[in-house]
Amino acid sequence: LQNRDDFSKKFHKFLNQKIVETPTASELAQMRQSRLLDLEKEHIKLHGKCNTPMNPTDLCEIPIEHRGDRIERQYGGETKALETFNSFLSHRGANYSYGISSPNTSWTTGSRLSPYLT
């Protein structure tokens, strides 16, 4: 949401949309199978653990804006976790109780530690 204008109306419109039925197990299997490459037909030899590759044409279904990496992406590792934790304790945490409830400010006031907690 860019803002909260008409939120209630949009929310109720969303809630009133038709619910998509969950596919059965056989339908899911058929959907998966239709997306897999025929290894023999395509003359593809695999190594490692990959034994059911996706058809590359299915990647076109990913919108272009979601195909690249994000500048804001959080990367893993203990060093990054400690940097994020220190940043929260020394800067971002100062307005935590105020900013965490807003989608517009939570990125800059939240701890962002969830990815590092296992």
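Note: the structure precedes this text.
About the cut-offs
Residues numbered from 1 in each chain as written. Predicted model: local features only at pLDDT ≥ 70, side-chain atom pairs only at ≥ 80, totals over all residues. Heavy atoms only, no water. Phe/Tyr/Trp six-rings, centres within 6.5 Å; stacked < 30°, edge-to-face > 60°. Helix = DSSP H or I, 4+ residues; strand = E, 2+ residues; numbered from the N terminus. Expected span 1.5 Å × (residues − 1). Buried < 20%, exposed > 50% of the residue type's maximum accessible area, 1.4 Å probe, protein only. Arc of directions from axis to C-beta. Contact = heavy atoms within 4.5 Å.

Now for the packing of aromatic side chains. This structure, assessed with the given rule, holds two aromatic pairs. Consider the rings of Phe7 and Phe11, whose centres lie 5.7 Å apart with planes at 15 degrees: the pair is stacked. Remark: Phe11 and Phe7 occur in helix α1 (residues 7-15); sequence separation between them is four residues, near one turn of the helix. Plain terms: the ring middles of Phe88 and Tyr96 are 5.6 Å apart, the flat faces sit at 85 degrees to each other, and that makes the pair edge-to-face.

Moving on, we come to unusual backbone geometry. Apart from glycine, the bulk of residues carry a negative phi angle, and the bulk of peptide bonds sit in the trans form. Of note, the phi angle at Arg112 is positive, near 55 degrees, even though the residue is not glycine. For Arg112, the position within the fold is in the segment after α6 (106-109).

For helix α4 (residues 78-90), which comprises 13 residues, the first-to-last C-alpha distance of 18 Å matches the rise-based estimate of 18 Å (1.5 Å per residue) to within 8%. Within the span of α4, buried status applies to Ala81, Thr84 and Phe88. Mapping the buried residues of α4 onto a view down its axis gives an arc of 65 degrees, with all of them on the same face. Of the exposed residues in α4, the ones pointing more than 90 degrees away from its buried face are Glu78, Thr79 and Leu89. Residues of α4 that are buried make contact with α5 (96-99) and α6.

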